[in-house]
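Understanding the architecture of this molecule
Given next are the chains, with one letter for each unit.
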Protein chains: 2
Amino acid sequence: MSEGIIIKNLVKSFRKDVILDNVSLKIEPEKIYGLLGRNGAGKSTLMNIIADRKFSNSGSITLNGSTIHDNDENLSKVYLTSEIDVYPDKFKIKDLFHWVSDIYKDFNNDLCKKLSDEFKLNLNSKFGNLSTGYNSIVKIIVALCVPADYIFLDEPILGLDAKNRDVFYNALIQTYSDRPRTFVISTHIIEEIANIISNVIVIKNSKILIDDSTENILASSYAVTGPASQVDEYTDGLNIVGSEALGKIKSNYIFGELNDKPIPDTVTISNIDLQKLFVNLTDKE
Amino acid sequence: MSEGIIIKNLVKSFRKDVILDNVSLKIEPEKIYGLLGRNGAGKSTLMNIIADRKFSNSGSITLNGSTIHDNDENLSKVYLTSEIDVYPDKFKIKDLFHWVSDIYKDFNNDLCKKLSDEFKLNLNSKFGNLSTGYNSIVKIIVALCVPADYIFLDEPILGLDAKNRDVFYNALIQTYSDRPRTFVISTHIIEEIANIISNVIVIKNSKILIDDSTENILASSYAVTGPASQVDEYTDGLNIVGSEALGKIKSNYIFGELNDKPIPDTVTISNIDLQKLFVNLTDKE
C-alpha cells in the first residue's frame, strides 16, 4: 500500500524553455530527502507539480497507486510550504494558525505553540509585515504541524539566522522521530543538512543527476591528493568531477568506483563532503 | 567633506514594539560592512530608514553633513537593493536594466552584461517569474552597477546556490577594487563574508551591540579550552560570551581582554571565528 510517490517521465516546459526533462523518481515513505540543484535547475517547479500547484505537460504522478491531482484523499497527504502564501497579508499569525488548524484535523497545536515560543514569533504580527526570516519561520511551523505524510519544504531556511536554523533542524529531527513521515527539503546550505537527510536528489539541467542514499553517495566520493602528475596518473579513467591545485599539489575529486591500481606512497585518498561534491558535480558543463 | 553617513539617536517604533532603540552609528566612505543580527533585530528597518524608504520616529541621519531625506544629491549617492521591487512584475529583465541605466547616469552597463553572463541570467525572463535565487541575482547585479557611493545589500545571497554565492563575492571584491565605495551587507551566512568585510555592525534587541573593525573583533575573541575547573578558574572575571563542553573538557568563549593570570599548562587559548562569536554574543539573554 505505502509505495510512496512515483513520478514517471515528467515533462514541463514554458515557451522555449525546458524546465523538467523526462524526470522519473520515487519518493519513499518515512525518509528525509535533500533536493539539491543550481539556481534555476527546476527544484521549485518539481515540488509545485507534485503538490498539484502547477501542471506538467506530460508524465504521471501517483501516491500509493492513485493520482494526487483531483484526489482529495491523496492531496491531504501532501503539503508544500508555499501553500500558506494564499492567506491574506492582513491576517495576524494567530488567526492564520487557527485557520490552518481548522482545515487540517489533527494539526499539531501543541507543537505549533512550542515552536512559536522557541522561534520567539510574535503571534500578533500581520502575515504581510513579517521579515524574510519570520516568513520562513511561519512556513516551517505550519509544515511541521500539518498531519500530512509527504511534506515539501522549499528553501525552508531562507533568511533564518544561525540559531533559528538550529532550532529548525532540531525540531525536524524530533518531529520525525515522534512520527516518521517523508520530508523533501530544498536548500543551498548543504553542509548544514548533510547529517539530517537520508537521501539525496540532485537536479541538473532539468534532469535527475543523482538519486541515492546519502550513505552511498558519500561512500562513492573521494579526494585523491598528491603531486599533480601522480594524482593524474592514478585517477586516469576514473570519474573525475572536479579538481583543485595548490602549487604542485593537486586534489582530484572522484565520484564513483576507484580502480585496482596500486596507490602511490605520495598519494592520499580521503573523503569529501556533500557540499564540495555537489558544487563540483553541478558546476561541470 | 567625505565624512560618511552619521546616524544619531535613531528611534523607530511600531505600536508597542521598539524596532530601533536610540541607534547611533557612523558609516564611513570606502569600507565594506557586515550588518549582523538575529531575525527581527532591526537590520532591514535600519537600512530602509537610511535609504529614506521608511521614516524614523526621531533621530537624525546625514551624509557628508547634509540630510539624505528630501535631498536629491545625497539620495543619488545611496542605493538599497530592494528599490527595484517597485518595477512591475511583467517587466522583462532586459527592460528593467534599460530603465535603471536611464535613471542612473554612469550605470555600469559593461559590468551588468558581464555579470548577467556569469550568473547565466535569462534577460527575457519576466521580473515577476524569477525564482528566489534569480530575484537575488538581479538585485545584486543592479546594486553592483549603480553609480552610488553607499550601497546597502539586504540579504543579497538569499536563495543563491554555492557557486553563485562565489560569483557574487568575487564580483564584489573586484568592483570594490576598481572603484572603492561603501557596501553594507546583511547576511546570515557569516562565515562566507568574514574575509570580505572590513567592519562589523551587530544589532541586538534593537540596539548596536558591536561596531568595530573585523580585525579588532577577531583579535579580541578567544576560546579557552581545557579541563572544566581550570578553564573556569582562569576565565573567572573575563567577559565570557558562551561555552561548550565535551565530557570533562570545556571551552569558554571570551570577547574582550584576557587577564595577566598565568595560563595553566593544561589550558590552551585559540581564536574563534566570526560566526561562532556572533552566535554566542547574540544568543546570550
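Analysis parameters
Residues numbered from 1 in each chain as written. Chains lettered and ligands numbered in written order. Predicted model: local features only at pLDDT ≥ 70, side-chain atom pairs only at ≥ 80, totals over all residues. Heavy atoms only, no water. Core = buried A, V, L, I, M, F, W, Y, C linked by side-chain atoms within 4.5 Å. Buried < 20%, exposed > 50% of the residue type's maximum accessible area, 1.4 Å probe, protein only. Contact = heavy atoms within 4.5 Å. Least-squares fit on C-alpha atoms with pLDDT ≥ 70 in both. Helix = DSSP H or I, 4+ residues; strand = E, 2+ residues; numbered from the N terminus. Arc of directions from axis to C-beta. Expected span 1.5 Å × (residues − 1). Pairing = 2+ DSSP bridges. Polar contact = N/O pair within 3.5 Å; in protein donor to acceptor, adjacent residues only side chain to side chain. Axes fitted to C-alpha atoms, helices over the stretch in contact; angles between N-to-C directions. Parallel < 35°, antiparallel > 145°, perpendicular 65-115°, else oblique. Left-handed = near helix turned anticlockwise from the far one by under 90°. Nonpolar A, V, L, I, M, F, W, Y, C, P; charged D, E, K, R; others polar. Domains from an automatic or database assignment. Buried area = accessible area lost by both parts, 1.4 Å probe.

1. Considerations on the nonpolar core
Core analysis: the largest hydrophobic core is formed by 120 residues, its most contacted members being A:F168 and B:F168. Those residues in contact with B:F168 that sit more than four places away from it in its chain are B:F119, B:I140, B:L144, B:L153, B:P156, B:I157 and B:L160.

2. Looking at the relation of the copies chain A and chain B
Overlaying chain A with chain B gives an RMSD of 0.0 Å, the required rotation being 180 degrees about an axis along which the chain moves by 0.0 Å. As the rotation angle and translation indicate, the two copies are arranged about a two-fold axis. Taking C-alpha positions as reference, the residue of chain A nearest the rotation axis is A:L158, located at 3.1 Å. Comparing interface residues between copies, 100% of those in chain A also lie at the interface in chain B; the contact surface is shared.

3. Overview of helix α4 (residues 109-118) of chain B
Residues and elements named next belong to chain B. Those residues of α4 lying buried are L111, C112, L115 and S116. Buried residues along α4 cover an arc of 135 degrees about the axis, so they all sit on one side. What points out from α4, more than 90 degrees from its buried face, is the exposed set D110 and K113. Looking at the buried side of α4, the elements it contacts are α3 (93-103), α5 (132-145) and α6 (162-178). Downstream of α4 by a residue or two, K120 has a phi angle that is positive, lying close to 50 degrees.

4. Side note on helix α5 (residues 132-145) of chain A
Residues and elements named next belong to chain A. Over its 14 residues, α5 runs 21 Å from end to end, which matches the ideal 20 Å to within 8%, given 1.5 Å per residue. What α5 keeps buried is the set G133, Y134, S136, I137, V138, K139, I140, I141, V142, A143, L144 and C145. Buried residues in α5 make contact with β6 (78-80), α3 (93-103), α4 (109-118), β7 (150-154), α6 (162-178) and β8 (182-186).

5. Description of the pairing of strand β10 (residues 207-213) of chain A
Residues and elements named next belong to chain A. As defined by bridge partners, strand β9 (residues 199-204) adjoins β10 across 6 bridges and the pair is classed as antiparallel. Directly across from V202, in β10, lies its bridge partner I210. Linking two consecutive strands that pair antiparallel, namely β9 and β10, is a turn of 2 residues; a positive phi of about 45 degrees is found at N205 within it.

6. What to know about the environment of B:N124
All names here are of chain B. Note on placement: N124 falls in the loop between α4 and α5. Accessibility expressed as a relative area gives 43% for N124, which makes it partly exposed. Taking the C-alpha atoms as reference points, N124 and D95, 29 residues apart in sequence, are found 8.7 Å from one another. Those residues in contact with N124 that sit more than four places away from it in its chain are K92 and K94. At 2.8 Å, the side chain of N124 and the side chain of K94 are in polar contact.

7. A look at the packing of α3(A) against α5(A)
Residue and element names in this part refer to chain A. Axis separation between α3 and α5 bottoms out at 11 Å; the angle between their running directions is 25 degrees. Judged on the interaxial angle alone, α5 and α3 are roughly parallel. Considering how the two elements wind past one another, α3 and α5 form a crossing that is right-handed. When α3 is examined against α5, the residues I93, L96, F97 and V100 are found in contact with a partner set consisting of V138, I141 and V142. Its residues placed into classes, the contact of α3 with α5 shows 7 nonpolar, no polar and no charged.

8. Observations regarding the domain arrangement of chain A
All names here are of chain A. When cut into domains, chain A gives domain 1 (5-216) and domain 2 (221-283). For domain 1 versus domain 2, the distance between C-alpha centres works out to 35 Å. In this complex, domain 1 contributes 15 residues to the contact, which on the side of domain 2 involves 7 residues. At the boundary of domain 1 with domain 2, total buried surface from both sides reaches about 910 Å², with 73% on carbon and sulfur atoms. By the criterion of area lost to domain 2, the three top residues of domain 1 are R38, I190 and I210, representing 45% of everything that side buries.

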